[in-house]
Amino acid sequence: EGFDKNHPAAPSLEAFEVLHMPPGLFRENLKRVFNVIASPKEMGYLMDLYDPNKIGQVDSKQFLINFVQMGKKERDTKRRAFLENSREAIKRAKLEEEEKLASQWAKAESKIDFAFTEEDFASAVEKMTVASAKYDKTHPAAPCLDGFTGGPIKPGEFREMMKNAFKVLFSPRELGAVVSRYLYAGDTAKIDGKKFLIAFMKLGFDERAKVKAATIAKQRKAKFDRIKEAELKLLEAQQKVVVDIDPDFTQQDKEAALAKLITSSAMYDKNSPGSPSLDVFNALFLTPAAFREV
């Protein structure tokens with residue numbers, strides 16, 4: 001059983017690659033190669049088995065064939081037993097999980113209160129909105145929602161499904177409010193999963209749109225504030241700074257001015273987090289004083 005001829009550490013079988021082998025040598029090879037110690041009576045049995053012509057020597061080829069076959073058969077038997085035990089363990093675990101879930105649902109059926117208020121429904125909607133806004137069906141870990149589209153759902157089952165899929169835990173009154181709002185047609189005790197799912201998804205869509213609109217408005221205000229701040233600074237610069245301009249410049253002055261601009265331009269990176277805003281240059285004209293200041 002423990003012998004595998006394909007294993008890197010498998011012992012060499014060269015000692016058995018002879019046509020026949022005397023009993024003493026056969027016994028020593030069994031001990032040395034396979035760590036098998038045969039008693040005298042066991043040797044008698046092995047000789048009877050592998051010396052069919054009764055010549056007093058072991059048929060080495062037949063022994064090796066039978067030896068390898070016996071090991072393979074034993075390993076296959078244990079492998080089948082292991083697989084069978086694994087399948088049984090999986091079945092038992094699945095049955096236990098189903099029984100546990102059934103027990104949870106049975107208990108959940110009693111955790112519903114139809115004496116709810118509008119505040120209870122509003123609280124339930126708030127919980128659903130948060131969960132729906134976070135739900136992304138394209139995410140690899142997104143929960144499967146097939147259970148919500150399979151027909152009418154008992155309140156207890158619905159409560160457990162919401163807890164498992166979206167981590168939403170309704171209070172008894174919140175559950176009663178949701179069930180009452182999305183009742184299955186013709187059944188006053190079950191919820192319409194499809195109707196609920198449509199409303200649930202809409203809550204998330206509306207919430208994401210609301211957050212996106214608020215973000216855009218915040219970005220626009222921030223940009224407006226930056227422009228106003230730049231204009232204010234520009235106005236202050238125009239009021240404080242008086243620039244003397246000498247039109248009688250030389251070639252050296254021209255080269256010095258260009259060198260400063262080139263150096264500054266080479267160091268500027270608009271994608272750098274600390275790069276200064278260029279909003280001030282969005283003005284149609286700049287006075288010399290303002291231009292020099294910015």
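Residues numbered from 1 in each chain as written. Predicted model: local features only at pLDDT ≥ 70, side-chain atom pairs only at ≥ 80, totals over all residues. Heavy atoms only, no water.

Time to look at the nonpolar core. In this structure, F148, F158, M162, F166, F170, V178 and F196 are the most contacted members of the largest nonpolar core, which totals 27 residues. Counting residues per element, the ones that place at least two in this core are α4 (118-134), α5 (155-166), α6 (172-181) and α7 (193-240). Excluding anything up to four places from it in sequence, F170 contacts A124, K127, M128, F158, R159, M162, L175 and V178. Counting 16 residues, the second largest nonpolar core, distinct from the first, contains F16, M21, M43 and L64. (Core = buried A, V, L, I, M, F, W, Y, C linked by side-chain atoms within 4.5 Å. Buried < 20%, exposed > 50% of the residue type's maximum accessible area, 1.4 Å probe, protein only. Helix = DSSP H or I, 4+ residues; strand = E, 2+ residues; numbered from the N terminus. Contact = heavy atoms within 4.5 Å.)

On to the pattern of salt bridges, then. Inspection of the entire model under this criterion finds 12 salt bridges. Across the pair D76 and K72 runs a salt bridge whose closest N-O atoms are separated by 2.9 Å. Taken together, the residues D76 and K72, both in helix α3 (residues 60-109) and four residues apart, mark about one turn of the helix. Taken together, the shared-partner salt bridges in this structure form one network comprising K72, D76 and R79. (Salt bridge = Lys/Arg side-chain N within 4 Å of Asp/Glu carboxyl O.)

Before going further, it helps to spend a moment on the packing of aromatic side chains. Under the defined criterion, the tally for this structure stands at 16 aromatic pairs. With 6.3 Å between their ring centres and 90 degrees between their planes, F148 and F158 make a pair best called edge-to-face. Taken as a pair, F148 in the loop between α4 and β3 (152-153) and F158 in helix α5 lie far apart in primary sequence, 10 residues in all. Taking the relative accessible area as the measure of exposure, F158 reaches 0% and is therefore buried. With centroids separated by 6.1 Å and ring planes inclined at 45 degrees, the aromatic side chains of F148 and F166 adopt a geometry described as tilted. In this pair, F148 is assigned in the loop between α4 and β3 and F166 in helix α5, connecting sequence segments 18 residues apart. Take F148 and F166: they sit in the same class, and that class is buried. Put simply, the rings of Y135, F148, F158, F166, F170, Y182, F196 and F200 touch in pairs and so form one group of aromatic residues. Between R181 and the ring centre of F121, over which it is positioned, the NZ or CZ distance is 3.9 Å. (Phe/Tyr/Trp six-rings, centres within 6.5 Å; stacked < 30°, edge-to-face > 60°. Lys NZ or Arg CZ within 6 Å of the ring centre and 35° of its normal.)

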